[in-house]
Amino acid sequence: MDSTGLIILLAKLLIVLAALLTGAAYLVLVERKLLGRFQLRPGPNRVGPAGIWQPLADGIKLLLKEDTVPAGADRILFLLAPAVVAMVPLLLFAVIPLGPDLHLANRTIPLVISDLNVGLLYILALSSLSVYGVVLGGWASNSTFSLLGGLRGAAQMISYELAMGLSLVPIVMLAGSFSLVDIVAAQEGFPFLLVQPVSFVIFLISALAEAKRLPFDLPEAENELMAGYHTEYSGMRFALYFVGEYINMIVLGGLLAVFFLGGWHGPLLPGPLMLGLKIIPVPLLLIWTRATLPRLRYDQLMQFGWKVLVPVALVNIVVTGGLILWLES
Amino acid sequence: MKVDKDKDEGGIINGLLGLAASYRVTLTQLFRKPLTESYPEYKRPLPARSRARIILTRDKAGGERCVACYLCSGVCPVSCISMQSAEREGGRRYAAWFRINFARCIYCGLCEEACPTLAIQLTPDFEHSCRHPLDFVAEKEDLLVDHGGKDGDYDFYHYAGVDCGEGKGTHEAELPPVDIKSNLP
Amino acid sequence: MPYLIIDNRHIQVPRGTTVIDAAERLGIMIPRFCYLKVLGAVGACRMCAVMFEAGPVKGLQMSCMVQAADGMRVSTTHPEAVAFRRQIIEWLMINHPHDCPVCDEGGHCLLQDETISGGHSRRRYTGAKRTYPDQDLGPLVQHEMNRCIQCYRCVRFYQEYAGYRDLGVMGIASRIYYGRFSDGALESPFSGNLIDICPTGVYTDRPSRFLARRWDLQRADSICLHCSLGCNTVAGAHYRAVIRQESRENVRVNGSFICDRGRYGHAYANLAERPRQSRLDGEPAGWREAAREAAARLKRIAAAAGHSAIAVLGSARNSLETQIMLRYLSHHAQWRPPRFFVNGSEARSTAAVVARLDSRLAAGLPDLEEADFLLAVGVDPVNDAPMLALAMRQAARKGAKIVVLDPRPVELPFAFDLLSAGLGDLPAALAVLVKTAVSQAGTDGCEAQEKAFLAALPGRVPDEKLQGQLGQAGGWLAASRRPAIICGSAIAGPELAGLAADLALLLQTGKTPSRLFYLLPGPNAFGAGLLQRGSRYFPSLLQDIEKGGVRALLVVENDPFFRYPDQDRLHSALGKLELLMVLDYLPSRAARAAHIFLPGATVFEAGGSFINNCGLLQYAAPVHEGGIPLAQVSGGSHPPRAHAPAPGSEKCPSAYEALLFLANELAIRPPTMDASPWSLLPEDFPGQAELLAHPYPTDGLQLLPRLSEAESLQTPVNLPTSGPAAGALTVLRVEQTFGSEELSCYAEPLRQLAGPPLALLHGADADRAGVRDGEQLCFEIGGEKVELALQVTNRMAPGQLIIPHHYALGRAACRLPAVVAQAELRGLTGQDSPDLPQAITES
């Protein structure tokens, strides 16, 4: 690759990174504000007008806080685990196409950081990797609460990973490719949501579970486990867990847009903005869900994953396959 | 089985409708005005019996009500009260020093309940945060006020029957002292 | 052995046990106000009512008045009994004032507890309450009669048990009043027990008035250090000051009570002038720095002048641990063996006591209470060891004959015969008395050796009157079944102690289980006596210092100046030392004179083991951590505001810890640093094996050697039959109940009670000297003129001048020969004897 290509790549990386991190930071504020309003409170309103600088203040506060390591903790794992959590959703964004190729001064710039031909597998692989942050953090803290949180995280991840993977099989079947760019291209005419509503629902639910958001936040269930796997964390390491969670919410929106809503395709607006417009409602939906639904019981969680989502996804695959065969023949 | 019965009653449709109803409820809340009273801008008037900063009151004659009986420090669940009792000229018992560590105080009000002379009282004034932990340590001169607080008329020494210079048998509901040299029936 | 059922539980008790005691044995505490086991039952308060459901007695009865009998079935929780008691407590509370918040009894008040447990929280009676005037009962006891519930405990203790008459009960009907006829200090030296036994707050502790609540006190089991009896106390500390002591029941020692010297003598631990700062050549220095420098100097002196140039002086108030450490240290550093007594006479008396007291003879205070004849010789019980007087009174109450053989005008709270004999005549008089008794009882059971011993005893004393009294007392002794000899060591020499043991043995072989009870000069004098074996006495050490043989002296918790007669000599001798190192907690003269001074910890801070006069090892637990009393740090105002460590909380190491540190610096390591002090015991220590078998701390172990028969009877050597030549006075320096003992003389209330010192002289001597009762005599004491009022009495033996070890004199220098020479006792003091009077004779 020539040097210009490298610079362009770096610029793309920077822009995506900045957008994601700021997005995550302000998503925290948005969540707090919205939750406040859902509960008839104003939400944070002290730092700057309407609390606009709250994320900044939080960031400074968390940076300045003491970074504690509990006695008896597995030090190296304890320090590494939050990084895994924060890194995985960032890496996920690498394969999400942001828009059509850009033609600039004889140069074709693809608006995706990396167009992997197995992009979908990459996503599935990475998202299961993120459970390591939870499990290791829970294990390394040398705390009962953390350990239980980590265990729940692992169990939940395994249960819902399956449903998530199965829900994407029809998409691959429809698009005929694992590449996300190809999947987006395949939706130029109509978004897959219209033909795969069941897949959409399964993916949304299992992604919710993987993001450990309410009503699936059993790994950190605060009224049983203090804060679950990140009970013992403080300062910036604690913040990394949070950054990871909120980036994950954005990435989830991105994936939903790519797989079911036609990615950057859309009328009027340029690709990246269109994509953004499709992403934004997803975190808001998640926040709304958090304000609405109570946490599931553990057995309900497991039953729902294994006895409802997986069978339904399997049936969906068979039906989709059958339809495709029938249409083609 | 109960679970099955629940399922039968609900059914998928009902469940989904229930879900949707709850989403609707929360959504309507989103557009209502917040109920919050923003604290420093608006200060709600507190009832007289709300429990915050502790004071030591005086009786009507201006004397310190506290007799340093150690009941408040004995009952304090966080041991934030300490004192030294002593005897004043004339026989009144008083606190030579009296200290409350507000950094420890949990404002439970047990001291006020235990106080037999109504000396120690909790007031609605709760705004006394400060930076340095030792600034929370309040001494007697910080605690003593020049009024009787919630029950200003009560004076322990009018009922206790101890002689602090005014003589035996001069208090409420007391007979004059017995003549110990008399053997008349 | 009656067998009865109380609350459906079966128990068998000895005949004569009351039902209330039987219930207590089962752990059922029947409420009571007037009943106290030692005082007996009077049935005055009606609180202990229980229901007798079956047996010889039926119905609601007072459990303290009914003796347990076979077939009784008793219910303490019968509804009728409960209702009855509930009503009684409400009646008792009718006139009780509403002053618990300002009453010192609040928090450990029996009346408070019973009121609440009776279910009363509100007074139904709204009428006027009865009030009483209060009295000033002196500096120890505070009076507040309004609180009285008329249980009679105080009068029963004060008059019946202790035998003093000045507090009594007056008035009739609802005007019953307990107090004195007029204001004034209580005369009994046991008055503090009124505080303990009063079920409510009529009598409260005056020195600790309004200082703390019971629940705030740090309390621990302690031992009284103010005489050799080793009475058990509970000491309570608050804000780093020891503020209150109460008696602790121990049926082997003091029973239920303690004397006022023990109860109020703890002020020395809280003194403002107590030295807390270590000093090096007069300058303040850090503790470690000073201790290291001491070790360095000791090493230098040992290198320059040999190990034997270093000597050690402990004391009879050292804990046993300290004494053991001293002995261990001086043994391994090859210093001179430790001395523990400044006074040579005391050292030899104690040595004699330790050598002669064995398990066949030793009696404790409870044994004395059971005796039917008590012969006290060289003892003034109320002044020497007040609790001894209380025990003797219990014997007297049970009908024992009591004879006191002493030069002093002994006064006791019961009927007794005082045989006044001069100090020099005491051994002979004792011998005559016992000889008379044994001869009267017959010598059939005696062996030849005992007969020889008996024959060698003198048969007469010069004084005809005394001879007659001795004959009479000998008759009583011969008729007694359980006699006991009480022998003092404060004024009499070691001969008397040895003789007393011989005579007790003689009586035993004759017929009776005769017992022996010694008084010793200090709370751990027994331990000192056991550990001083092989060492010579302090006066010889003084000579060595003067000759330059001893260059360094390590004084541990002792003040040679306090009791040594020749202050000038002591002062110049100690001035010759290269190193005078003092380790003490008292602001003593020796501490001020020391080159290196290390502050020590009192028994309340360090704890310690002490062996009492009967050889009983007892442990005093530490009460508080140590440090300067908060009131002194803060100057009466609020304590300093600071995070921990708070100012003044630095604790002084105990003498044991200091010596351990010194041993380490001198490279003498005890076997292990945290091993039990018993592992350092010398092998000739009695009970060493037994002690090692017990975990440290050890409490309640009797450490008495078992002597073989052969070495017990020792033929007396030339018993003196008379004191100094006619015309000369023997000067006795005597102990007082208050104000003379080394530790308790710092207590202000006790000083008030001690009053000014008095010189005592017999009427005949006063006539010859031409001095009158009440006259002020001028003595020159240590360069200071001290005026003593003279009291002339004929109750004492002639030929003696009795001066108390008074606090006002105790800290001044006391050159006793000079006292006599310069006294304005015209014509009496002509004799220029080279010997010191016997009371202070040195070895």
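Details of the structure are given in the entry above.
Residues numbered from 1 in each chain as written. Chains lettered and ligands numbered in written order. Predicted model: local features only at pLDDT ≥ 70, side-chain atom pairs only at ≥ 80, totals over all residues. Heavy atoms only, no water.

## As for the overall build of chain A
- When helices and strands are counted, chain A shows 12 helices and 2 strands.
- When the helices and strands of chain A are placed in sequence order, the string is α-α-α-β-β-α-α-α-α-α-α-α-α-α.
- For chain A, the spread of C-alpha atoms along the principal axes amounts to about 65 × 50 × 45 Å.
- The buried share of chain A, taken over its 329 residues, is 48%.
- Contacts spanning at least 24 positions in sequence make up 77% of the contacts within chain A whose residues lie at least 6 apart.
- Only carbon and sulfur atoms are counted for the fraction: they give 72% of the accessible area of chain A, which is about 15,400 Å².
- Once the 19 positive and 20 negative side-chain charges of chain A are each reduced to a mean point, those two points are 10 Å apart. (Helix = DSSP H or I, 4+ residues; strand = E, 2+ residues; numbered from the N terminus. Buried < 20%, exposed > 50% of the residue type's maximum accessible area, 1.4 Å probe, protein only. Contact = heavy atoms within 4.5 Å. Areas by Shrake-Rupley, 256 points an atom, 1.4 Å probe, with all protein chains shown as cover. Lys, Arg positive; Asp, Glu negative; His and termini not counted. Charge placed at Lys NZ, Arg CZ, Asp CG, Glu CD.)

## Some thoughts on helix H4 (residues 119-140) of chain A
- Look at H4(A): 32 Å from first C-alpha to last across 22 residues, which is about the 32 Å you get at 1.5 Å a residue.
- Once H4(A) finishes, A:Asn142 follows within two positions and takes phi at roughly 55 degrees, a positive value. (Expected span 1.5 Å × (residues − 1).)

## Describing the packing of aromatic side chains
- Applying the stated rule across the entire model yields 28 aromatic pairs over all chains.
- Measuring from ring centre to ring centre gives 5.4 Å for A:Phe200 and A:Phe260, while their planes differ by 85 degrees; the resulting arrangement is edge-to-face. One end of the pair, A:Phe200, is in helix H7 (residues 197-210); the other, A:Phe260, is in helix H9 (residues 235-260), with 60 residues separating them in the sequence.
- Take A:Phe260: its relative accessible area is 0%, and that puts it in the buried class.
- Ring centres 5.1 Å apart and planes at 85 degrees place the aromatic pair A:Trp288 and B:Tyr23 in the edge-to-face group. Placement of the pair is A:Trp288 in helix H11 (residues 281-292) and B:Tyr23 in helix H1 (residues 2-30), with the two residues belonging to separate chains.
- Assessed through its relative accessible area of 22%, A:Trp288 is described here as partly exposed. (Phe/Tyr/Trp six-rings, centres within 6.5 Å; stacked < 30°, edge-to-face > 60°.)

## Quick notes on the interface of chain C and chain B
- Residue-level contacts link 43 residues of chain C with 47 residues of chain B.
- Together chain C and chain B conceal approximately 3,500 Å² of surface at their shared face, both sides included; 58% is due to carbon and sulfur atoms.
- It is C:Arg175, C:Phe210 and C:Arg641 in chain C that bury the most area against chain B; as a group they hold 20% of the surface buried on that side.
- Run the count over chain C and chain B and you get 6 salt bridges. (Buried area = accessible area lost by both parts, 1.4 Å probe. Salt bridge = Lys/Arg side-chain N within 4 Å of Asp/Glu carboxyl O.)

## Re the interface of chain A and chain B
- Contact residues are listed per partner, giving 13 residues for chain A and 15 residues for chain B.
- Across the chain A/chain B interface, buried area totals approximately 1,300 Å², and carbon plus sulfur atoms make up 64% of it.
- Viewed at the interface, chain B and chain A are joined by 1 salt bridge.
- Here B:Glu41 makes a salt bridge to A:Arg46, at a shortest N to O gap of 3.0 Å.
- Counting across the chain A and chain B interface gives 7 residue pairs in polar contact (both at pLDDT 80 or more).
- For the side of chain A that touches chain B, the secondary structure elements donating two or more residues are helix H1 (3-38) and H11 of chain A.
- Per-element accounting of the side of chain A that touches chain B gives the leading share, 4 residues, to H11(A). (Polar contact = N/O pair within 3.5 Å; in protein donor to acceptor, adjacent residues only side chain to side chain.)

## Let's talk about the sheet that holds strand S15 (residues 283-284) of chain C
Residues and elements named next belong to chain C.
- Pairing within the open sheet is mixed, and its 6 strands lie in the order S15-S14-S24-S23-S22-S16. Two strands lie at the open edges of the sheet, namely S15 and strand S16 (310-313), each paired on one side alone.
- Relative to strand S23 (residues 579-584), strand S22 (residues 552-556) is paired through 5 bridges, and the arrangement is parallel. Across the sheet, residue Val-556 finds its bridge partner in S23, namely Leu-583. (Pairing = 2+ DSSP bridges.)

## A short note on the nonpolar core
Residue and element names in this part refer to chain C.
- Counting 114 residues, the largest nonpolar core has Leu-405 and Leu-430 as the members making the most contacts within it.
- Not counting residues up to four positions away in its chain, the partners in contact with Leu-430 are Leu-375, Val-377, Leu-405, Leu-496, Leu-499, Ala-500 and Leu-503.
- Tyr-203, Ile-258, Tyr-264 and Met-387 belong to the second largest nonpolar core, which has 72 residues in total. (Core = buried A, V, L, I, M, F, W, Y, C linked by side-chain atoms within 4.5 Å.)

## A word on the state of the cysteines
Residues and elements named next belong to chain C.
- Within the structure shown, the criterion is met by 0 disulfides over all chains.
- For the unlinked cysteine Cys-34, the closest cysteine sulfur is that of Cys-45, found at 3.7 Å.
- The cysteine Cys-487 is free of any disulfide, with Cys-614 supplying the nearest cysteine sulfur at 13 Å. (Disulfide = S-S within 2.5 Å.)

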